[in-house]
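The lines below spell out each chain.
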Amino acid sequence: MPTGYHSGMSIPATPQHSALGRQVDHPRHYDPSCLFPIPRNAGRTDLGIDTGPLPFIGIDRWHAYELSWLQPRGLPAVATATLGVPADTPCLVESKSLKLYLNSFNATRFESADAVCACIARDLSSLLGGAVDVVLGLPAIATGEAAGSIDLDALDIDCDATRQPDPDLLTSSGPTVAETLHSALLKSNCPVTGQPDWATVRIAYRGPRIDHAGLLRYLVSFRDHAEFHEHCVERMFVDLQSRCRPSWLSVEARYTRRGGLDINPWRATPGTPPPEWQRDSRQ
């Protein structure tokens, strides 16, 4: 099993052994040992996709709002950054460990901004087992939903007391359609701290028409569910694919910021082009 590192000690790469939910000292200097990997198979086993080829492609797009380092003569520099972690890396990175790692740059001198990006990309790629892309800056904030996107939250429906993901709520029927749907009502919880996670979800597909009311109830059913952001989106993709049988499917969640970071997992049918990278108005 992969191992994570905290305070210089090799420990099992499970969320309970990470810095998440613990009081820890902020690093005084550049320290890649702050980073903590979590095997993706920990969440994929429950979905039955832990062996064989993945049924989706995707990326976990991180937005870092608090990045600083020292220039060669000691003057601080500040920036934002966008990190792209491929969904087929063996591990994901635990969010608090990434925050601590980025803060470890605060008192460290780098020759250039490019050197900072290269350092982050090298450390994360080595930790997670795949090529991580790092660029300075953030995507633009979306000014509104794409034309034709259907707002599920406008539906006038009742929701029962279900507070765990219920794929039985998902149905489809009729002739083939192509639709883009969105909802700002996704809430799940951190599996370690129990803190709430909020996101806007965008679902695009082609196939028999998905029942909109059932889909909204399904998204609301995550309300007490404890799972990492990346695993929640993969659960949505697998449930929609198995219950509604679209010929192609794209699921993106834009989670609100916590600790200077937000996470935006995207999963889609192989061959699907990625959506336009934007930030949500709540991010």
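Reading the values: rules and limits
- Numbering of residues begins from 1 in every chain and follows the order in which that chain's sequence is written.
- Where totals are concerned, whole chains, interfaces and linings use all residues; where local detail is concerned, this predicted model gives features only for residues with pLDDT of at least 70, and gives and counts side-chain atom pairs only at 80 or more.
- The basis for every side-chain value is the complete set of heavy atoms in the structure, and neither hydrogens nor water enter the calculation.
- What makes two strands pair is DSSP finding at least two bridges between them.
- Counting from the N terminus, the helices are DSSP H or I runs at least four residues long and the strands are E runs at least two residues long.
- Whether two residues are in contact is decided by their heavy atoms, any of which lying within 4.5 Å being enough.
- Axes, fitted as lines to C-alpha atoms, cover a helix only where it is in contact. Angles between the N-to-C directions of the axes lie from 0 to 180 degrees.
- Each helix crossing is assigned a hand: it is left-handed if the near helix lies turned anticlockwise from the far helix by less than a right angle, otherwise right-handed if that turn is clockwise.
- Only Asp, Glu, Lys and Arg are considered charged, only Ala, Val, Leu, Ile, Met, Phe, Trp, Tyr, Cys and Pro nonpolar, and every remaining residue, Gly among them, polar.
- Two rings from Phe, Tyr or Trp (for Trp, the six-membered ring) form a pair when their centres are within 6.5 Å of each other. A pair whose planes differ by under 30 degrees is stacked, one over 60 is edge-to-face, and the rest are tilted.
- Criterion for a charge above a ring: Lys NZ or Arg CZ within 6 Å of the ring centre, and within 35 degrees of the ring normal.
- The term salt bridge refers to a pairing of a side-chain nitrogen on Lys or Arg with a carboxyl oxygen on Asp or Glu at a separation within 4 Å.
- With a 1.4 Å probe rolled over the protein chains alone, any residue whose accessible area is under 20% of its type maximum counts as buried; one over 50% counts as exposed, and the rest are partly exposed.

### A word on the pairing of strand β10 (residues 196-210)
Now for step 1: Bridge analysis of strand β9 (residues 172-189) against β10 gives 14 bridges, and the strand direction is antiparallel. Within β10, the position partnered with Leu 186 by the bridge is Ala 199.
Now for step 2: What sits between β9 and β10 in their antiparallel hairpin is a turn of six residues, with Gly 194 showing a positive phi close to 80 degrees.
Now for step 3: Alignment of β10 against strand β11 (residues 248-255), held across eight bridges, turns out to be antiparallel. Looking at β11, one finds that Val 201 is bridged to Ala 253.

### A look at the environment of Leu 35
Now for step 1: Inspection of the secondary structure assignment puts Leu 35 in the loop between β2 (9-12) and β3 (37-39).
Now for step 2: Measuring from C-alpha to C-alpha, the distance between Leu 35 and Val 93 comes to 7.1 Å, with 58 residues separating the pair along the chain.

### Considering the sheet that holds strand β7 (residues 133-136)
Backbone hydrogen bonds are what pair the strands of a sheet, in a parallel or an antiparallel way.
Now for step 1: Pairing is mixed across the open sheet formed by eight strands, whose spatial order is β7-β5-β4-β12-β11-β10-β9-β8. On the outer flanks of this sheet lie β7 and β8 (150-151), each paired with one strand and no other.
Now for step 2: Direction of pairing for strand β5 (residues 76-86) relative to β7: antiparallel, over a ladder of four bridges. Note that in β7 the partner of Ala 81 across the bridge is Leu 136.
Now for step 3: Docked against the sheet, helix α2 (residues 95-103) engages β4 (57-70), β5 and β12 (261-268), running at close to 35 degrees with respect to β4.
Now for step 4: Against the sheet, helix α4 (residues 212-220) contacts β8, β9 and β10, and its axis sits at roughly 25 degrees relative to β9.

### Description of the packing of α2 against helix α3 (residues 113-128)
Now for step 1: Between α2 and α3, the shortest axis-to-axis distance is 12 Å and the interhelical angle comes to 145 degrees. Seen along the crossing, α2 lies across α3 with a hand that is right-handed. Where α2 approaches α3, its residues Leu 98, Tyr 101 and Leu 102 are matched on the opposing element by Cys 119, Ile 120, Asp 123 and Leu 124.
Now for step 2: The residue makeup of the contact of α2 with α3, split by class, is six nonpolar, no polar and one charged.

### Observations concerning the packing of aromatic side chains
Now for step 1: Tallying each qualifying case throughout the model produces eight aromatic pairs.
Now for step 2: One residue, Arg 257, lies across the ring of Tyr 65, its end atom 3.5 Å from the ring centre.

### A few points about the pattern of salt bridges
Now for step 1: Inspection of every chain in the model, using the stated rule, returns 16 salt bridges.
Now for step 2: In this structure, Asp 123 engages Arg 122 in a salt bridge whose closest nitrogen and oxygen atoms are separated by 3.9 Å.
Now for step 3: Among the residues examined, Asp 123 registers a relative accessible area of 12% and is labelled buried.
Now for step 4: We note a salt bridge from Arg 209 to Glu 179, for which the minimum N-O separation is 3.9 Å. Here Arg 209 is found in strand β10, whereas its partner Glu 179 is found in strand β9, with 30 residues between them in sequence.
Now for step 5: Several salt bridges share partner residues, and in doing so they unite Arg 40, Arg 44, Asp 60, Glu 234 and Arg 267 into one network.

On their own, these measurements won't tell you what the molecule is for.
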